[in-house]
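A structural walkthrough
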Amino acid sequence: MSNERYDIAIAGGSFAGLSLALALTSADASMRVAVVDRTPPDDAVKGESDGRATALSAASRQLFEALGVWAAVEMSVQPILEIDITDSGLKSIVRPRLLHFDSELKPGEPAAFMAENHVLRAALIARARQQPGIDFRAPEMVSGYETGDSGVSVRLGSGDELMAGLLVAADGRRSVLRKQAGIKTTGWGYSQVGIVTTIAHEKPHNGLAIQHFLPSGPFAILPLTGNRSSIVWTERETFGRDVVARGDEAFLAEVKPRFGVRFGAISLAGPRAAFPLDLHIARRFVADRLALIGDAAHGVHPLAGQGLNIGLRDVAALAEVVVDARRVGLEAGAPQTLQRYERWRRFDSAFSGFAMDGLNRLFSNDNAPLRALRSLGLGLVDRTPPLKRFFVHEAAGATGEVPALLRGEIP
Amino acid sequence: MRPMTPLKQTAADATLDAREVARFAAMAREWWDPKGKFAPLHAMNPARLTYIRDQLCRHFGRDTRDSSSLTGLAIADIGCGGGLLCEPLARLDARMTGLDPAEESVQAARAHAKVQGLEIDYRAERAEALISTGIRFDAVLAMEVVEHVPDLTAFMAMAGQLVRPGGMMLLSTINRTLKSYALAIVGAEYVMRWLPVGTHQWDRFVTPRELSKALDAAGLSESDRRGIVFNPFRGEWSLAGDTDVNFVMAAVRPAHQAPDPGPKQT
């Protein structure tokens, strides 16, 4: 039975939790951080692909560069150089391009990158294990916590207990800690699932990402390294679950008409899964000595691949707030410190979440007048360079009050 | 002032003592409740601490990014109250002495520091009492104090003596302008009810010029001044150029000077 004292305890060692641990200890070498995670780290390091990939914004890349993680994944990520958006019925052979973005902030500086989740996670774990100041508690889980005058005591599944100044809930969309803190969420399910898999294709994609707005929801084709693309296929729940359960041939037969013929012949190149889609935003991002980050704080529609990027904005903001507080002698878990984090993040998260929701609702529809309106709207955006630039910069995470890490600086 | 320690410990005294301890713990909670009576001080604390740290780091050649940037500096906080400044500065590894004439505040401050595991020398004394002991400090703080003293020049001459040659004095107060009347008295006391009505008397507010002059007379010279302004959209106080209402000032005692140049005190 140990009873160690940490500055920060992080429940959940996925992208947000690991990035936060690295950010805190990089900014302040005296910081002691515990990361509690269910997965044995060795399993995660040699982890196989689960078919999932993530779009990283330019700002997220800056963060990973600052944390010394980017070099390890650079060869495995695919820059998105162009984005095409089409709006068409399922049977249309020709899909007129409605909107085209050169996905670069400046020449040679792509607005986004595609990274395979298992590659990114392995790089984060490898980096975190080298970092002094980070203690891994894995496989292990947080079963509860109690706050007191001088800190928070965190109960672990193994019966151990640890003390910290602040507990961070990075334990995902069904966060146990959020529930224990009595924080409610606002949101709704979409009765939609996101089908995710990897597709190999005959012709090179040249860094092109395609978003087809199909009647049942958006179908995204996102370039991976080589002649491969990751698809995120939004589908009505019942049909979606059914189609994923089919055999390879039958599944591929459903993918083909949606994928289109642009990249030539296609085949399956990874496992597939269907994830329920919902939008949720925690009503508070903080409680007494507790801060929520990543999916524990908010889940957005994966439409524009913004989920992880928004989570990394939490990481950058919380790390900066905590480090700033410590450098003037204030506590990481003090109410003023946490309030500053909440003020910084809540509006932005809600804005991003509802913007994605609006787009999904607008596009998951086969109503003719709505289709005309969409075409008009996207056409307008296409012909208005400042508006296009805004969307590209927003997707790159370069709008709003940007924390240091997202500019590539250690706070 | 009441004697705090009974001469003889009896069973009855022990109970009394325990009750006193509980009372001070309750007061400490009041001081440290960020939404309570002292909310305005908590709200201003990050900006005040940032100023104090930045000035001390610049003057003593420390690194502001170091989480123990004030290691070894002896600092006195005049009017320390519940220890809202002493505790953070002690965490930055300064050797803190907290002075406050109110015995109860000092007891509350001690109770809180103990729970936090911080070592701070709290004294229920006026600053005058320390001068005769010959103790001098690397830095002396008088934050939100000078607007409450009847004679600014006399106060500064006294407090200034606690600063060692080459040391620094840090002050914060409220400027005497029409804007400060509108914001600090009408706004903070009557409209927002942040402070009890009558907390401040506008005619006691101090202009930066008057403060600078009083420092000069005490043998210290102003080295920096900044404003502290409230941003209603972010709900945060921050350092700014505008010194019309709340402002902070730093002053140094030249290193070559004789230790006690101020008017003689008894």
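Residues numbered from 1 in each chain as written. Chains lettered and ligands numbered in written order. Predicted model: local features only at pLDDT ≥ 70, side-chain atom pairs only at ≥ 80, totals over all residues.

**Section: the overall build of chain A**
For chain A, the count of helices and strands is 12 helices and 22 strands. When the 411 residues of chain A are sorted by exposure, 50% land in the buried category. Summarising the internal contacts of chain A: among those between residues at least 6 apart in sequence, 75% fall at separations of at least 24. (Helix = DSSP H or I, 4+ residues; strand = E, 2+ residues; numbered from the N terminus. Buried ≥ 20, exposed ≤ 12 C-beta atoms within 10 Å, placed from the backbone. Contact = placed C-beta atoms within 7 Å.)

**Details of the packing of helix H1 (residues 15-27) of chain A against helix H5 (residues 117-130) of chain A**
For any two helices packed against each other, one specifies the inter-axial angle together with the distance between the axes. Residue and element names in this part refer to chain A. Contact pair H1 / H5: the axes reach a minimum separation of 10 Å and the direction vectors enclose 30 degrees. The orientation of H1 relative to H5 falls into the category roughly parallel. For H1 against H5, the interelement crossing comes out left-handed. Residue-level inspection shows Phe15, Leu18, Ser19, Ala21 and Leu22 of H1 in contact with H5, the latter providing Leu120, Arg121, Leu124, Ile125, Arg127 and Ala128. (Axes fitted to C-alpha atoms, helices over the stretch in contact; angles between N-to-C directions. Parallel < 35°, antiparallel > 145°, perpendicular 65-115°, else oblique. Left-handed = near helix turned anticlockwise from the far one by under 90°.)

**Overview of the environment of B:Gly198**
For B:Gly198, the location among the structural elements is in the loop between helix H7 (178-191) and helix H8 (208-217). For B:Gly198 and B:Ile185, which are 13 residues apart along the polypeptide, the C-alpha to C-alpha distance reads 8.3 Å.

**Some points on the sheet that holds strand E5 (residues 163-174) of chain B**
Residues and elements named next belong to chain B. The strand order across the open sheet built from eight strands is E3-E2-E1-E4-E5-E8-E6-E7, with neighbouring strands paired in mixed fashion. Each edge of the open sheet carries a strand with a single partner, namely strand E3 (121-123) and strand E7 (236-240). With direction set aside, neighbouring strand axes in the sheet form an average angle of 20 degrees. Direction of pairing for strand E1 (residues 74-78) relative to strand E4 (residues 137-143): parallel, over a ladder of three bridges. Residue pairing across strands places Ala76 opposite Val140, the latter belonging to E4. (Pairing = 2+ DSSP bridges.)

**What about the pairing of strand E6 (residues 221-231) of chain B?**
All names here are of chain B. Pairing analysis gives seven bridges linking E6 to strand E8 (residues 246-252), with the strands arranged antiparallel. Directly across from Arg226, in E8, lies its bridge partner Val248. Counted between consecutive antiparallel strands, the loop separating E6 from E7 contains four residues, among which Gly235 sits at a positive phi close to 65 degrees.

**Quick look at the nonpolar core**
A:Ile10 and A:Leu20 are the most contacted members of the largest nonpolar core, which totals 183 residues. For this core, the element with the highest residue contribution is helix H9 (residues 307-327) of chain A, accounting for 11 residues. (Core = buried A, V, L, I, M, F, W, Y, C linked by C-beta atoms within 7 Å.)

**A short note on the interface of chain B and chain A**
Taken together, the 18 residues of chain B in the interface contact 12 residues of chain A. Contributing elements (two or more residues each) for the side of chain B that touches chain A: helix H2 (39-60), helix H3 (86-91) and helix H4 (103-116) of chain B. Considering each element in turn, the side of chain B that touches chain A owes the most residues, five residues, to H2(B). For the side of chain B that touches chain A, the per-class residue count stands at seven nonpolar, seven polar and four charged. (Nonpolar A, V, L, I, M, F, W, Y, C, P; charged D, E, K, R; others polar.)

**Things to note about the packing of helix H6 (residues 152-160) of chain B against H8(B)**
Residues and elements named next belong to chain B. Two elements in contact, H6 and H8, have axes whose closest approach is 8 Å; the angle formed by their N-to-C orientations is 45 degrees. If you check the angle between H6 and H8, you find them oblique. Considering how the two elements wind past one another, H6 and H8 form a crossing that is right-handed. Residues Leu152, Thr153, Met156 and Ala157 of H6 touch H8, and the partners they reach there are Glu210, Ala214, Leu215 and Ala217. Of the residues that constitute the contact of H6 with H8, the class distribution is six nonpolar, one polar and one charged.

**Let's talk about the environment of B:Arg126**
All names here are of chain B. Note that Arg126 resides in the loop between E3 and helix H5 (127-131). The class for Arg126 is partly exposed, based on 14 C-beta atoms found within 10 Å. Between the alpha carbons of Arg126 and Ile174 there is a distance of 22 Å; along the sequence they are 48 residues apart.

**A closer look at the sheet that holds strand E4 (residues 78-80) of chain A**
Residue and element names in this part refer to chain A. The strand order E3-E9-E4 describes an open sheet built from three strands, whose pairing is antiparallel. Where the open sheet ends on each side, the last strands, each with one partner, are strand E3 (53-57) and E4. Across the sheet, the mean angle from the axis of one strand to that of its neighbour is 30 degrees, orientation sign disregarded. Sheet topology places E4 next to strand E9 (residues 112-116); three bridges connect them, and they run antiparallel. Within the sheet, the bridge partner assigned to Gln78 lies in E9 and is Met114. Against the sheet, helix H3 (residues 58-66) makes contact with E3 and E9, and its axis sits at roughly 90 degrees relative to E3, the strand it touches most.

**Topic: the confidence of the model for chain B**
All names here are of chain B. Averaged over every residue, the pLDDT of chain B is 85; residues scoring 70 or more account for 87%. The secondary structure element of chain B with the lowest average pLDDT is helix H1 (residues 11-31), at 67, and the one with the highest is H3, at 98. Note that residues 1-15 has pLDDT below 50 and, in this model, five contacts with residues that lie over four places away or in other chains. Overall fold confidence for the complex sits at a pTM of 0.86, while the interface term, ipTM, reaches 0.84. (pLDDT = per-residue confidence, 0-100.)

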